[in-house]
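Residue-level structure breakdown
Here are the chains, one letter per residue:
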Amino acid sequence: MIEIKNLTKTYGQIKALDDISFEVNDGEVLGFLGLNGAGKTTTMNIITGFIPPTSGTVTVEGFDVMEKPEEVKKHIGYLPEHPPLYMDLTVREYLNFVAKLRKVEPDKIKANMEYALESVKILDVADRLIMNLSKGYKQRVGFAQALIGNPKILILDEPTVGLDPTQVIEIRSLISNLKKKHTIIFSSHILSEVSAVSSRIVIIDSGRIIAQGDTRSLSRSIGGKNLRVSILGPKSSVLSAIKNVYGVKSVELAEVHDDVCTFDIEQAENEDIRKALFYEMAKRSYPIYALKSLDDNLEDIFLGIVKRGGAKGGRS
């Protein structure tokens, strides 16, 4: 488990991290979500021991990062945004080099390398020079080096940056397979990626944690507007009709376009108003053009939370 308490990092007058605290549980895939410059990479660099915090503590499997850095690093495999590859080595030569750097016992190096190669599906290019690989394969080599030593925890910083859509899907699939054996922190500013692979989400903005939880709990945290409906009809009459539906706790206008009014609706707890809403609109001859749940729409949740928290930029 990773435990982060009151973590702060300053660069002169700039506060890159501002008293953040969260935990990562064993076997969890934690999505670390934030805009560029929010503080994600700074946090990961502190967890992995690359830079010290200004204040606060980070413990990994019970070891303090500052007091027992060597012990911490035994438990962590780190894939930075730009993988540290040596282009003039073959994949196998590179992984052998990484294994020696990580002090893997000599009689276990081969097994470690085979596990990494098989896990990320690059056995077919193991004897090729890294410089001759595609960007997607180079990223897989980066994953492979993070797996050397079979660490319990994987920390992945923006692992799909610069990849084409097919490669992005492949990397997501790879992460889904790795989570069966590893605890994972996966940072991104791309909402669909975090939603696709994470069991829990921490949202950071301007160096502060502004929300955390699963998608449903985060949706509730921005006010519970958990339905969005677009209806053709006079704005005031449609609004009145929606308020007439049993189970509607609150409703507000989101936008109007070509006489189609879009409303965000908060349902009362344990209520599902969709059927009653349909019949009410049908009775009044107001066609429903679109109806969607916001509970599972991470983009709406993320933008709503960041807007409330106030995105001011910062260091990454």
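Residues numbered from 1 in each chain as written. Predicted model: local features only at pLDDT ≥ 70, side-chain atom pairs only at ≥ 80, totals over all residues. Heavy atoms only, no water.

Scanning all chains against the criterion turns up five aromatic pairs. With a centroid separation of 5.5 Å and an interplanar angle of 70°, the aromatic rings of F278 and Y279 are classed as edge-to-face. Overall, F278 belongs to the partly exposed group, its relative accessible area being 48%. Linked through ring pairs, Y86, Y94 and F97 together constitute an aromatic cluster. It is K9 that lies over the ring of Y11; its NZ or CZ is 5.3 Å from the centre. (Phe/Tyr/Trp six-rings, centres within 6.5 Å; stacked < 30°, edge-to-face > 60°. Buried < 20%, exposed > 50% of the residue type's maximum accessible area, 1.4 Å probe, protein only. Lys NZ or Arg CZ within 6 Å of the ring centre and 35° of its normal.)

Moving on: the confidence of the model for the protein chain. Residues with a pLDDT of 70 or more make up 90% of the protein chain, whose mean pLDDT is 89. When mean pLDDT is taken per element in the protein chain, helix α3 (residues 91–101) scores highest with 97 and helix α8 (residues 215–221) scores lowest with 63. Of the regions scoring below 50 in pLDDT, residues 310–315 engages in 17 contacts with residues more than four places distant in sequence or in other chains. (pLDDT = per-residue confidence, 0-100. Helix = DSSP H or I, 4+ residues; strand = E, 2+ residues; numbered from the N terminus. Contact = heavy atoms within 4.5 Å.)

Below, the discussion takes up the pairing of strand β13 (residues 260–267). On any regular strand, side chains alternate: one points to one face of the sheet, the next to the other face. The buried fraction of β13 amounts to eight of the eight residues, a majority that puts the element mostly inside the structure. Burial along β13 is two-sided: the face carrying V260, T262, D264 and E266 and the face carrying C261, F263, I265 and Q267 are both buried. One ladder, built from six bridges, connects strand β11 (residues 227–232) with β13; its direction is antiparallel. The partner of R228 across the bridge, within β13, is D264. As judged from the eight bridges shared by strand β12 (residues 248–257) and β13, these two strands associate in the antiparallel manner. Within β13, the position partnered with E252 by the bridge is D264. (Pairing = 2+ DSSP bridges.)

A sheet is described by the order of its strands in space; here four strands give the open sequence β2-β1-β4-β5, paired in antiparallel fashion. Only two strands of the sheet have a single neighbouring strand rather than two, namely β2 (14–24) and β5 (63–64). Pairing of strand β1 (residues 2–11) with strand β4 (residues 55–60) involves five bridges; the strand directions are antiparallel. Along β4, the bridge assignment pairs E3 with T59. Packing of helix α1 (residues 40–47) onto the sheet brings it into contact with β1, β2 and β4, and relative to β1 it is tilted by some 120°. (Axes fitted to C-alpha atoms, helices over the stretch in contact; angles between N-to-C directions.)

With mixed pairing, six strands are arranged side by side in an open sheet as β6-β7-β8-β3-β9-β10. If you trace the sheet from one side to the other, it starts and ends with β6 (76–79) and β10 (208–213), each paired once. This sheet shows a mean twist of 15° between the axes of neighbouring strands, independent of strand direction. Where strand β3 (residues 29–33) meets strand β8 (residues 183–188), five bridges bridge the pair, whose relative direction is parallel. If you follow F32 over to β8, its bridge partner there is S187. Across the sheet, α1 touches β3, β6, β7 (153–157), β8 and β9 (200–205), and the angle it forms with β8 is around 150°.

For D205, the location among the structural elements is in strand β9. Taking relative accessible area as the criterion, D205 reaches 4% and is therefore assigned buried. Sequence separation of D205 and A16 is 189 residues, and the distance between their C-alpha atoms is 10.0 Å.

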